[in-house]
Structure formats: C-alpha cells, structure tokens
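# Understanding the architecture of this molecule
Listed here are the chains, written in short residue letters.
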Amino acid sequence: MIRVPMIRVLALLFGLLLPLASAFAISDPAEMLPDPKAEARAEAIGRQLRCLVCQNESIEDSGADLARDLRRVVRQHVAAGEKDQAIIAWMVARYGNFVRLRPPFEPLTWFLWASPALALAAGVLIIAFAMRQKRPPPLPLSAAEQRALKDVLKS
Amino acid sequence: MSGAGPARGVSRRLLLGLPLLAAAAAGGGFYALLRRMEAGRYDPHAVDNPLIGHAIPDFAPLPAQAPASTGFGSADLRAALSAGGRPVLVNFFASWCVPCRIEHPELMGLAKTGVPVWGIAYKDQAADAAKLLDEDGNPYLRLARDESGRVAIDWGLYGVPETFLIDRAGIARGHWAGPLSAEIVRDEVSPLLRKYA
C-alpha cells in the first residue's frame, strides 16, 4: 500500500475546496439589482461589511443565510437611492463597528492603525542601536599567548 | 573572550530570560483565556450588540406562533413592559437550532419562577416550532414568528439562540448570544432581572 503523508492529503483537500469557497460568492442573478451600476455599488458596499456568522468574510463572499439577508437589505437601500455612508451606518447601528471590515479611526483602534508605523519605528530603532554598538577590536596577544600559539603551530 | 565583563553577562542573561518571560506570560494569558472560554464567560466570536442601553427597535406585529393564537409587535411589548412593571426576556429561537434545545431547560426554569419570556421563532416552520414546544414544554408567555428574519436584523441578531433583557422603559439591558447556561442565568441574567425589577 502506498502511504501518502497526511499533510499532502490535507493540502489536496484544501486545494479542492478553494474553488468551492469562491463558488459561494454571490452569483445568483435573482439577488442582483437590474441596474448594473447600482449592483456594482451594492457589491462595493457589501465587500466592506463583515458576515457576522463567518466573521472573516464579507457578506458578498459568504454563503451564510444571514449574509444573503444582509445583501438583500443593502440592495434595497441602494435601490432606494441611499448614500453608501448611510447604508453602512444602518448596519453599524445594528451590528456595531465590528460589522465594518475596515475599522474606523477611533480611540479604540488608534493602536491598530498606528501599528505599522510603530513596527517600522521599532525596527529602525533596533537597527540604529545595533549599528552603534560596535565591538571593540580584540586586544593584541600577550607575550605568553604568542608563545603558546607558536608552540601549537609548530606541533 | 576579551570583551566579556559583568555588564555583558547581565545583558546575556537578559537576552536569554526575556523570551522565556514573554513565553511564560503568553502561556499564562492563553491559559486564562481558555479557562474563561471553558466556563462560558468568554466567547471569542461574540459580537457586542449596540442595542444595549437603547430602546428596542420598532416592529409591526409579527404573526402568531402556535400554541399562541396571537403574535406581537414592539407596541405590545412596550405596553406589557410598562403595565407589568418588570423586565421581560425576549428570546429568539428555532426548532432547527441545537443550542436552542440546550438552553430550553433554563428558559423553562426562568418561566417557572415567573419571569416573562417572550419568544420569537426565527426562520422556522410554524409546525416544527409548535411541535418542539409541544414536546419539550412552552416557556413563552407570548410567541411570534419572524419567518424572513427581517425583524431579527433590526435587533442585531446573527444567530439563534439570542436572548435580550428589556427593562420596564423598553431599554435593552442585557444580551446573550448562544445558549443560556445555568451559570449564565445565575451569574448574569438573574442579577440583571433583580436590578431592573
């Protein structure tokens, strides 16, 4: 019997499942708005909204029931001519800021938004510190050490 | 080594010790986290419901769910709250939802002590929900059906079961996503019920 490493089996399974995941993305024409421009706007809004069930997907990408319901709500609001910001505010009023995949800049998220700059600054500091700390050159050998070295080389 | 002095020894020990210390701190943190998750006091998937501290959303009367003969809307709930003079628990459930069965005994227990529990069957078949309540018992004082799940969205619902505690003024004071356990009822629901009684 051929033994296939478990990791390969998992990798294969994962690879097979990947297209399935994207197949869940909204593709049902019945859900779409007739006006392609309005539909594009609805999709752009939906991509900024988190599916509360799967949590790491937008409602446009999720196959969850709730995501479908929320897609429908977004399209109703778009069809009613509401502005993007108003539709997102509608969602935030019900699900909190967590529903936004791009968190707003507020006291709670200052550290989050500043973290790339902070990480860069820390890196620069570490490099600057390391470059300043030059090792002193080694002291010349003492007379006894010179002699010992000669002995070693001779033998 | 020529550069080795006491100062170098200290920084070396520090370099060795810091990662160990960091790993120990992280381990302690993770342990505490897992313990809290195990005890049901922390849910990493929980979403803070912005309804807390705000008035319940308006909704037109929802259709009845058997065995109740009339449904209810936000106006009925508000009227009952101000007339009853005590907080109400609003519980979203479904017959297809396994965690709902897990929390069912807790709701029965709450109902037995006289806590008004209002139920909303979420995206459920009327016959299935009726059968469940017939078999397992009906803890609900009032029952309604939200078949499309549209009212639930206004409550910020993202799954079933979810339970809300509404005070006499119609303000949401408590929210639990996921099944109520005996511990949650004892440590969280009951104190809030007393506080807003």
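Summarised in this report is the structure supplied together with it. (Residues numbered from 1 in each chain as written. Chains lettered and ligands numbered in written order. Predicted model: local features only at pLDDT ≥ 70, side-chain atom pairs only at ≥ 80, totals over all residues. Heavy atoms only, no water.)

### Looking at the overall build of chain B
- Within chain B, the secondary structure is distributed over six helices and five strands.
- The N-to-C order of helical and strand elements in chain B reads α-α-β-α-β-α-β-α-β-β-α.
- Split into buried and exposed, the 197 residues of chain B put 41% on the buried side.
- Look at the contacts in chain B between residues 6 or more apart in sequence, and 70% of them connect residues 24 or more apart.
- Carbon and sulfur atoms provide 60% of the accessible area of chain B, an area that totals close to 10,400 Å². (Helix = DSSP H or I, 4+ residues; strand = E, 2+ residues; numbered from the N terminus. Buried < 20%, exposed > 50% of the residue type's maximum accessible area, 1.4 Å probe, protein only. Contact = heavy atoms within 4.5 Å. Areas by Shrake-Rupley, 256 points an atom, 1.4 Å probe, with all protein chains shown as cover.)

### Examining the side chain of arginine 94 of chain A
- In this structure, arginine 94 of chain A sits in helix α4 (residues 84-95).
- A polar contact of 3.0 Å, which involves the side chain of arginine 94 of chain A, links it to the backbone oxygen of tryptophan 90 of chain A.
- Excluding anything up to four places from it in sequence, arginine 94 of chain A contacts Asn49, Pro50, Ile153, Asp154 and Gly156 of chain B. (Polar contact = N/O pair within 3.5 Å; in protein donor to acceptor, adjacent residues only side chain to side chain.)

### Some details on empty space enclosed by the protein
All names here are of chain B.
- By the definition in use, this model includes one cavity of 30 Å³ or more.
- Within this model, the largest cavity holds a volume of roughly 60 Å³.
- Taken together, Asn91, Phe93, Ala94, Cys100, Arg101, Glu103, His104, Leu107, Leu132, Leu133, Asp136 and Tyr140 form the lining of the largest cavity.
- Those elements that provide at least two residues to the lining of the largest cavity are β1 (88-93), α3 (98-112) and α4 (126-136).
- With five residues, the top contributor of residues to the lining of the largest cavity is α3.
- Residue composition of the lining of the largest cavity, grouped by class: seven nonpolar, two polar and three charged. (1 Å grid on protein atoms, 1.4 Å probe; cavity = no way out; pocket = protein on both sides within 12 Å on 5 of 7 lines; lining within 4 Å. Points joined across faces, edges and corners; volume = space filled by probe spheres on them. Nonpolar A, V, L, I, M, F, W, Y, C, P; charged D, E, K, R; others polar.)

### Considering the environment of alanine 79 of chain A
All names here are of chain A.
- For alanine 79, the location among the structural elements is in helix α3 (residues 65-79).
- The exposed category is assigned to alanine 79, whose relative accessible area is 58%.
- Considered as a pair, alanine 79 and glutamate 39 are 40 residues apart in the sequence and their alpha carbons are 9.0 Å apart.

### Points about the interface of chain B and chain A
- With 16 residues of chain B in contact, the opposing surface of chain A contributes 18 residues.
- The contact between chain B and chain A buries some 1,300 Å² in all, and 54% of this surface belongs to carbon and sulfur atoms.
- Of all residues in chain B, Val47, Ile153 and Tyr158 of chain B bury the most surface against chain A, accounting for 36% of the area lost on that side.
- Here chain B is connected to chain A by three salt bridges.
- A per-element tally of the side of chain B that touches chain A places helix α5 (residues 150-154) of chain B first, with three residues.
- In terms of residue class, the side of chain B that touches chain A is built from six nonpolar, five polar and five charged. (Buried area = accessible area lost by both parts, 1.4 Å probe. Salt bridge = Lys/Arg side-chain N within 4 Å of Asp/Glu carboxyl O.)

### So, the sheet that holds strand β2 (residues 117-122) of chain B
Residue and element names in this part refer to chain B.
- The mixed open sheet is built from five strands, whose spatial order is β3-β2-β1-β4-β5. Strand pairing shows two members of the sheet lacking a second neighbour, β3 (142-146) and β5 (172-177), which therefore form its edges. Mean inter-strand twist for the sheet, computed between neighbouring axes without regard to direction, equals 20 degrees.
- Inspection of the sheet shows β2 paired to β3 by five bridges, in the parallel sense. (Pairing = 2+ DSSP bridges. Axes fitted to C-alpha atoms, helices over the stretch in contact; angles between N-to-C directions.)

### Quick look at the side chain of aspartate 167 of chain B
Residue and element names in this part refer to chain B.
- Relative to the assigned elements, aspartate 167 resides in the loop between β4 (162-166) and β5.
- Aspartate 167 sits in the buried class, given a relative accessible area of 7%.
- Among the polar contacts listed, one links the side chain of aspartate 167 to the backbone nitrogen of alanine 169, at a separation of 2.9 Å.
- Engagement of the side chain of aspartate 167 in a polar contact is seen with the backbone nitrogen of isoleucine 171, the distance being 2.8 Å.
- Excluding anything up to four places from it in sequence, aspartate 167 contacts Leu81, Pro87, Arg173 and Tyr196.

### Some words on a nonpolar patch on the surface
- Taken together, the side chains of Phe30, Leu33, Leu34, Met37 and Tyr42 of chain B make up a nonpolar region of the molecular surface, amounting to roughly 460 Å² of accessible area.
- Position of phenylalanine 30 of chain B relative to the elements: it lies in helix α1 (residues 6-38). (Patch = residues over 30% accessible without salt bridge, like charges linked within 9 Å, V, L, I, M, F, W, Y side chains within 5 Å.)

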